[in-house]
Amino acid sequence: MIVRQLAFALCCLILPAVVHELHAQAQPEPMAMTPAEMKWEAQGGLALPGMEQVNLVGNPSKPGPYTLRLKFPAGYKLAPHTHPDSREVTILSGTWYTGYGERFDETALKALPAGSFYTEPANVAHFVEVREPVTIQVKGTGPSGRVFVSPASDPK
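Here the structure is a predicted model, which is why all the values come from computation and not from measurement.

Draft legend 1. Geometry of the overall build of the chain. Across its full length, the chain holds one helix and 10 strands. The secondary structure elements of the chain, listed N-terminal to C-terminal, are α-β-β-β-β-β-β-β-β-β-β. Within the chain, the proportion of its 156 residues that are buried is 34%. A sequence separation of at least 24 residues applies to 67% of the contacts in the chain between residues at least 6 apart.

Draft legend 2. Just the confidence of the model for the chain, in detail. Per-residue confidence for the chain averages 85 on the pLDDT scale, and 78% of its residues sit at or above 70. For the chain, the element scoring lowest by mean pLDDT is helix 1 (residues 2-26), at 48; strand 6 (residues 110-113) scores highest, at 98. Contacts of residues 9-13 to residues separated by more than four positions or lying in other chains number two contacts, the stretch itself having pLDDT below 50. Here residues 15-24 scores under 50 on pLDDT; set against residues more than four positions off or in separate chains, the count is two contacts.

Procedures and definitions
- Counting of residues starts from 1 at the beginning of each chain's written sequence and follows it residue by residue.
- The predicted origin of the model limits local features to residues at a pLDDT of at least 70 and limits the giving and counting of side-chain atom pairs to 80 or more, whereas totals for whole chains, interfaces and linings rest on all residues.
- With hydrogens and water stripped out, all remaining heavy atoms of the structure feed into the side-chain values.
- Each helix corresponds to a stretch of at least 4 residues labelled H or I by DSSP, and each strand to a stretch of at least 2 residues labelled E; elements are numbered beginning at the N terminus.
- When a residue's accessible area, from a 1.4 Å probe over protein chains only, is under 20% of the maximum for its type it is buried; when over 50% it is exposed; and in between it is partly exposed.
- The contact criterion used throughout is that any non-hydrogen atoms of two residues lie within 4.5 Å.
- Values of pLDDT, which run from 0 to 100, indicate the predictor's confidence residue by residue.

Okay, structure coming up:
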């Protein structure tokens with residue numbers, strides 16, 4: 001009986017602290033950032049050679065929510081690949097061409113001009129073609145990554 005009471009008392013003391021800490025981790029700090037203040041990197045958690053990435057919130061390689069921006073040069077192609085997390089993508093500039101499937105199919109590409117939005121469900125193969133410089137914003141919950149349907153397509 002005393003052991004149960006002691007365990008209950010410990011739970012009452014520890015549980016609120018754990019819940020508070022988890023809540024604090026989930027809440028991002030207030031932030032206001034201009035484009036000039038963003039630190040673009042040539043390689044990042046999701047950036048491949050030729051791309052640039054800036055993490056706005058969180059880190060896609062770690063557990064938890066993240067928001068990042070990716071810049072692609074004209075002529076960039078991404079072979080069919082998947083991500084372990086579901087994502088929401090907004091096209092900020094340029095026209096983004098994407099399609100779903102395990103083989104690159106130019107006839108399946110959909111043109112998404114600036115202002116467009118689409119989703120990348122977890123583990124669903126998709127591919128990309130960039131015909132002009134494009135910037136996208138990606139929101140998801142990490143850890144994230146990229147797995148090419150054909151490992152030989154990985155440009156790393």
